[in-house]
Amino acid sequence: MVTNPSNCRLKRCSPDERRENILAVATEVFTQTGYGATSMSAIAAELGGSKATLYKYFPSKEQLFEAVLMRGCGAVLAALEQLAEADSDDPEAILADFGTRFLTGLCGQRSLDVYRMVHAAGLQFPEAADMFFRCGPDRAGAMLAIVLDRLARQRGVPLRDPRLAADQFLGMVRGKLHMRVAIGVMAPPDAETIAGTPPMPPASLRMGCSRAEPHLFAAQTR
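Residues numbered from 1 in each chain as written. Predicted model: local features only at pLDDT ≥ 70, side-chain atom pairs only at ≥ 80, totals over all residues. Heavy atoms only, no water.

**Student:** What exactly am I supposed to notice about the side chain of arginine 71 here?
**Tutor:** Assignment of secondary structure puts arginine 71 in helix 4 (residues 61-84). For arginine 71, a relative accessible area of 16% translates into the label buried. What arginine 71 contacts, discounting residues up to four positions off in sequence, is Glu20, Leu23, Ala24, Thr27 and Arg110. (Helix = DSSP H or I, 4+ residues; strand = E, 2+ residues; numbered from the N terminus. Buried < 20%, exposed > 50% of the residue type's maximum accessible area, 1.4 Å probe, protein only. Contact = heavy atoms within 4.5 Å.)

**Student:** Looking at this structure, how should I read the nonpolar core?
**Tutor:** Nonpolar side chains in soluble globular proteins generally cluster together in the buried interior. Formed by 57 residues in total, the largest nonpolar core has its most connected members in Phe30, Leu64, Phe65 and Leu144. Of all elements in the fold, only helix 1 (15-33), helix 2 (40-47), helix 4, helix 5 (91-106), helix 6 (109-121), helix 7 (126-135), helix 8 (137-155) and helix 9 (162-182) reach the threshold of two or more residues within this core. Here this core takes 10 residues from helix 4, the largest share from any one element. With sequence-adjacent residues up to four places away left out, phenylalanine 65 is seen in contact with Phe30, Tyr35, Met117, Val118, Ala128 and Met131. (Core = buried A, V, L, I, M, F, W, Y, C linked by side-chain atoms within 4.5 Å.)

**Student:** Which parts of the structure should I look at to understand the confidence of the model for the protein?
**Tutor:** As a general rule, the predicted coordinates of low-pLDDT regions are not to be interpreted in detail. Averaged over every residue, the pLDDT of the protein is 82; the share at 70 or more is 83%. Mean pLDDT across the elements of the protein ranges from a minimum in helix 12 (residues 218-221), with 43, to a maximum in helix 2, with 94. A low-confidence stretch, residues 200-208 (pLDDT under 50), is modelled with 22 contacts involving residues beyond four sequence positions or located in other chains. Every residue in residues 217-222 is under pLDDT 50, and counting partners more than four places away or in other chains gives 11 contacts. (pLDDT = per-residue confidence, 0-100.)

**Student:** Would you mind showing me how to read the packing of helix 5 against helix 8 here?
**Tutor:** Helix-helix packing is described using two parameters, namely the angle between the two axes and the distance between the axes. At a minimum axis distance of 11 Å, the contact between helix 5 and helix 8 shows a crossing angle of 175°. The orientation of helix 5 with respect to helix 8, classified from their angle, is roughly antiparallel. Across from Pro91, Ile94, Leu95, Phe98 and Phe102 in helix 5, the residues of helix 8 making contact are Ala140, Met143, Leu144, Val147, Leu148, Arg150, Leu151 and Arg155. (Axes fitted to C-alpha atoms, helices over the stretch in contact; angles between N-to-C directions. Parallel < 35°, antiparallel > 145°, perpendicular 65-115°, else oblique.)

**Student:** Is there a simple way to think about the pattern of salt bridges in this case?
**Tutor:** Using the criterion set out here, one finds 8 salt bridges in the structure. The salt bridge partner of arginine 134 is aspartate 130, with a shortest N-O separation of 3.1 Å. Residue arginine 134 and its partner aspartate 130 are located together in helix 7, separated by 4 residues, close to a single helical turn. What makes aspartate 130 partly exposed here is its relative accessible area of 40%. In this structure, the salt-bridge partner of arginine 153 is aspartate 149, at a minimum N-O distance of 2.9 Å. Note that arginine 153 and aspartate 149 are positioned in helix 8 at a spacing of 4 residues, about one turn of the helix. In this structure, a network of salt bridges that share partners links the residues Glu66, Asp130 and Arg134. (Salt bridge = Lys/Arg side-chain N within 4 Å of Asp/Glu carboxyl O.)

**Student:** Explanation requested: the packing of aromatic side chains in the structure shown.
**Tutor:** Two aromatic rings, taken as a pair, are described by how far apart their centres are and by the angle between their planes. In this structure the tally under the stated criterion is 5 aromatic pairs. The structure contains a cluster of three or more aromatic residues connected by ring pairs, namely Phe30, Tyr35, Phe65 and Phe125. The side chain of lysine 61 reaches across the aromatic face of tyrosine 35, ending 4.5 Å from its centre. (Phe/Tyr/Trp six-rings, centres within 6.5 Å; stacked < 30°, edge-to-face > 60°. Lys NZ or Arg CZ within 6 Å of the ring centre and 35° of its normal.)

**Student:** Whenever I open this one, the packing of helix 1 against helix 2 confuses me. Can you help?
**Tutor:** It is the contact of helix 1 with helix 2, at a shortest axis distance of 10 Å, that shows an interaxial angle of 120°. The pairing of helix 1 with helix 2 is recorded here as oblique in orientation. As helix 1 packs across helix 2, the resulting crossing turns out to be right-handed. Counted together, Asn21, Ile22, Val25, Ala26, Val29 and Phe30 of helix 1 and Ile43, Glu46 and Leu47 of helix 2 form the full contact between these two elements. Tallied by class, residues from the contact of helix 1 with helix 2 come to 7 nonpolar, 1 polar and 1 charged. (Left-handed = near helix turned anticlockwise from the far one by under 90°. Nonpolar A, V, L, I, M, F, W, Y, C, P; charged D, E, K, R; others polar.)

Take a look at the structure:
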């Protein structure tokens, strides 16, 4: 049984409130039941409304699931978008902040629920895994690639493959910590633990971009 998070019945809410309530309930149903076993009928029943109302907002289970993923990944991506738009030319500070925000978001409960759900359903329902990758990891990598390309241009050095550098860095940030948290070996870390987790040291930051462009930090190391 899923607890309706907002106690908002579909007929008594504004359109925005209804949509948010649908996503909140759908997230719980998908997480508890799994992507394959979840039906629109089950979600409508938990919402206390009709399937017709649910389909008005989301015409298919696939579209609803994608919206759930966007909502789940939003906690991570919103903070990264703010940082990506910041006007700074200090690569070490930007990458340290980006890495901290990224790992903090990944270890949040909503993000963990979505990750575990997709991991469990991915082999049987590859479309679910594909949606997750597009909504989360792919967008984060694209954001960081833009930041790295901007930093390289500001320093007047060619960055041959910004996306490679971004993917290397984000993979290093996730490291073993995210895996241990995701599979339940350890509890989600607090802010102090995340802040002290590599690759925050400068040497590690440089390593994350070294293959794609070893000169990105050149102006700071002379």
